[in-house]
Amino acid sequence: MNTQNIYILGIESSCDDTAAAVLHNASILSNVVATQEVHQKYGGVVPELASRAHQQNIVPVIDQAIKEAGITKDQISAIAFTRGPGLMGSLLVGTSFAKSMAMAMQIPLIEVNHMQAHILAHFIDDASERKPNFPFLGMTISGGHTQIVRVDDYFKMEVIGETLDDAVGEAYDKCGKMLGLPYPGGPLIDKYAHEGNPKAFAFTKPKVDGLNFSFSGLKTAVLYFLQREEKKNPHFIEENLKDICASFQYTVVNILLDKLKKAVKETGIKEIAIGGGVSANKGIRAMLKEQEQKRNWIAHIPKFEYTTDNAAMIAIVGHYKFLQQDFTDSSISAKARYRI
């Protein structure tokens, strides 16, 4: 097996982004993402519309990724694809295409767990300043997941804490909707939070045992708070938007921090890597850098392009699985619920 020139084509289609990337060993040659704006007017992802858009986007996205990489299809060593977790219709598009292409080209097929990929994205050559050392704690925070994972090796991972209800990204987007912000509301809350007073309003942090999370109570608290204040002043949200966003974000950041501190204490591991769409949040990134100095942690914060759903992270998992000759066959099927 030639391990000097491994070219992995990665395909990602777990939600509403169609993505393809080409890696040469651990180096990015291309990373193409097609977003779907159709969901904005509905205030959230519509699964049927997402799968249809994937069908339209997948061929041109893969074609562009190969062209930008400056290689030919014949140089591809293997195809890695997102098997799950995610929206079943979206996953089926990527899975079916990857299987067909691998079969036609007679090259290996590699299945990838989307949440593992968020963690292993840190091992892309230019993902961050330095790569994590095993063992480390991975915190995956996205629209669908909130987890703390003990990572002992590339494929030896254990979820030691997770959300019992809503994911942190969902809480951001739902609160954004309450505030009248367009979808997705999370990035806008983050933006306004930096211009507001984080202690203007107090939101109670949920009490959850162990390393698990809960965000449904926080969403409800925000809803009742806004309803109560708007009865007194119909223009309350408009007049206090930045302070509301800052106070909400302050609460979320402290919920995450409390669990991280507990995880570090219980495991003795002070090396932490974040991943997932919400790891692009400036407030969360700033908190982690601050704690790195304060508590002597080693914090790994990926580049923004490797936080949201992308195919580069799928390809890097494919690279390490290729080294282990961990391949699958065409009988593989998409898996909407797929634990690490």
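Anything mentioned here points back to the structure above.
The structure displayed is predicted, hence computed values, not measured ones.

**Focus: helix α1 (residues 47-69)**
Next up, step 1: The terminal C-alpha atoms of α1, which comprises 23 residues, lie 31 Å apart, in line with the 33 Å expected from a rise of 1.5 Å per residue.
Next up, step 2: Of the residues making up α1, those classed as buried are A50, S51, A53, H54, N57, I58, V61, I62, A65, I66 and A69.
Next up, step 3: Those residues of α1 that are buried are in contact with β1 (7-12), β2 (18-24), β3 (27-34) and α2 (88-105).

**Remarks on the nonpolar core**
Next up, step 1: Within the largest apolar cluster, 46 residues are counted, with the highest numbers of intra-cluster contacts made by F215 and F248.
Next up, step 2: Breaking this core down by element, the ones donating at least two residues are β6 (136-141), α4 (168-178), α5 (186-193), α6 (216-232), α7 (236-267), β9 (271-275) and α8 (282-295).
Next up, step 3: In terms of residue count, the dominant contributor to this core is α7 (15 residues).
Next up, step 4: One finds A26, L120, F123 and I314 within the second-largest nonpolar core, a separate group that totals 32 residues.

**Focus: the sheet that holds β6**
Next up, step 1: The 5 strands lie next to each other as β8-β7-β6-β9-β10, forming an open sheet whose pairing is mixed. Edge positions in the open sheet fall to β8 (156-162) and β10 (298-300), since each of these has one partner strand only. Mean inter-strand twist for the sheet, computed between neighbouring axes without regard to direction, equals 25°.
Next up, step 2: Running over the sheet, α7 touches β6, β7 (146-153), β8 and β9 and is turned about 155° from β6.

**Observations concerning the side chain of S30**
Next up, step 1: Mapped onto the elements, S30 comes out in strand β3.
Next up, step 2: A relative accessible area of 2% means that S30 is categorised as buried.
Next up, step 3: A polar contact of 2.7 Å, which involves the side chain of S30, links it to the backbone oxygen of A65.
Next up, step 4: When neighbours within four sequence positions are excluded, S30 is seen to be in contact with A20, A21, V22, A65, E68 and A69.

**Remarks on the layout of surface pockets**
Next up, step 1: In this structure, the largest pocket spans a volume of roughly 1,800 Å³.
Next up, step 2: Along the walls of the largest pocket sit 49 residues, with C15, S142, G143, G144 and Y183 positioned nearest its centre.
Next up, step 3: Of all the elements in the fold, those that place two or more residues in the lining of the largest pocket are α3 (114-120), β7, α4 and α5.
Next up, step 4: Per-element accounting of the lining of the largest pocket gives the leading share, 6 residues, to α4.
Next up, step 5: When its residues are assigned to classes, the lining of the largest pocket shows 16 nonpolar, 21 polar and 12 charged.
Next up, step 6: Put simply, the second largest pocket is a space of about 300 Å³.
Next up, step 7: Contributing elements (two or more residues each) for the lining of the second largest pocket: α7 and α8.

**Here's the deal with the packing of aromatic side chains**
Next up, step 1: Applying the stated criterion across every chain, the model contains 14 aromatic pairs.
Next up, step 2: Seen in terms of ring centroids, Y154 and Y320 are 4.1 Å apart; in terms of plane orientation they differ by 20°. Their pairing is stacked. Taken as a pair, Y154 in the loop between β7 and β8 and Y320 in helix α9 (residues 312-323) lie far apart in primary sequence, 166 residues in all.
Next up, step 3: The exposure class of Y154 is partly exposed, given its relative accessible area of 21%.
Next up, step 4: According to the relative accessible area criterion, Y320 is buried, its value standing at 11%.
Next up, step 5: Ring centres of F201 and F236 lie 5.6 Å apart, and the angle between their planes is 65°; on these two criteria the pair is classed as edge-to-face. Of the two residues, F201 is situated in the loop between α5 and α6 and F236 in helix α7; the sequence distance between them amounts to 35 residues.

**Some thoughts on the environment of V46**
Next up, step 1: Along the chain, V46 falls in the loop between β3 and α1.
Next up, step 2: Distance in space between the C-alpha atoms of V46 and S30 is 28 Å, their sequence separation being 16 residues.

**Some thoughts on the packing of α4 against α6**
Next up, step 1: Two elements in contact, α4 and α6, have axes whose closest approach is 10 Å; the angle formed by their N-to-C orientations is 10°. Classified by the angle between their axes, α4 and α6 sit roughly parallel to one another. Judged by residue contacts, E170, A171, K174, C175 and M178 of α4 engage K219, V222, L223 and L226 from α6.
Next up, step 2: Its residues assigned to classes, the contact of α4 with α6 comprises 6 nonpolar, no polar and 3 charged.

**Points about the state of the cysteines**
Next up, step 1: Here the structure, examined in full by the defined rule, presents 0 disulfides.
Next up, step 2: Residue C15 stays outside any disulfide, its sulfur separated by 19 Å from that of C175, the closest cysteine.
Next up, step 3: C15 sits in the partly exposed class, given a relative accessible area of 23%.
Next up, step 4: There is no disulfide at C175, and the cysteine sulfur nearest it, in C245, is 9.3 Å away.

Parameters and conventions
- Residues numbered from 1 in each chain as written.
- Predicted model: local features only at pLDDT ≥ 70, side-chain atom pairs only at ≥ 80, totals over all residues.
- Heavy atoms only, no water.
- Helix = DSSP H or I, 4+ residues; strand = E, 2+ residues; numbered from the N terminus.
- Expected span 1.5 Å × (residues − 1).
- Buried < 20%, exposed > 50% of the residue type's maximum accessible area, 1.4 Å probe, protein only.
- Contact = heavy atoms within 4.5 Å.
- Core = buried A, V, L, I, M, F, W, Y, C linked by side-chain atoms within 4.5 Å.
- Pairing = 2+ DSSP bridges.
- Axes fitted to C-alpha atoms, helices over the stretch in contact; angles between N-to-C directions.
- Polar contact = N/O pair within 3.5 Å; in protein donor to acceptor, adjacent residues only side chain to side chain.
- 1 Å grid on protein atoms, 1.4 Å probe; cavity = no way out; pocket = protein on both sides within 12 Å on 5 of 7 lines; lining within 4 Å.
- Points joined across faces, edges and corners; volume = space filled by probe spheres on them.
- Nonpolar A, V, L, I, M, F, W, Y, C, P; charged D, E, K, R; others polar.
- Phe/Tyr/Trp six-rings, centres within 6.5 Å; stacked < 30°, edge-to-face > 60°.
- Parallel < 35°, antiparallel > 145°, perpendicular 65-115°, else oblique.
- Disulfide = S-S within 2.5 Å.

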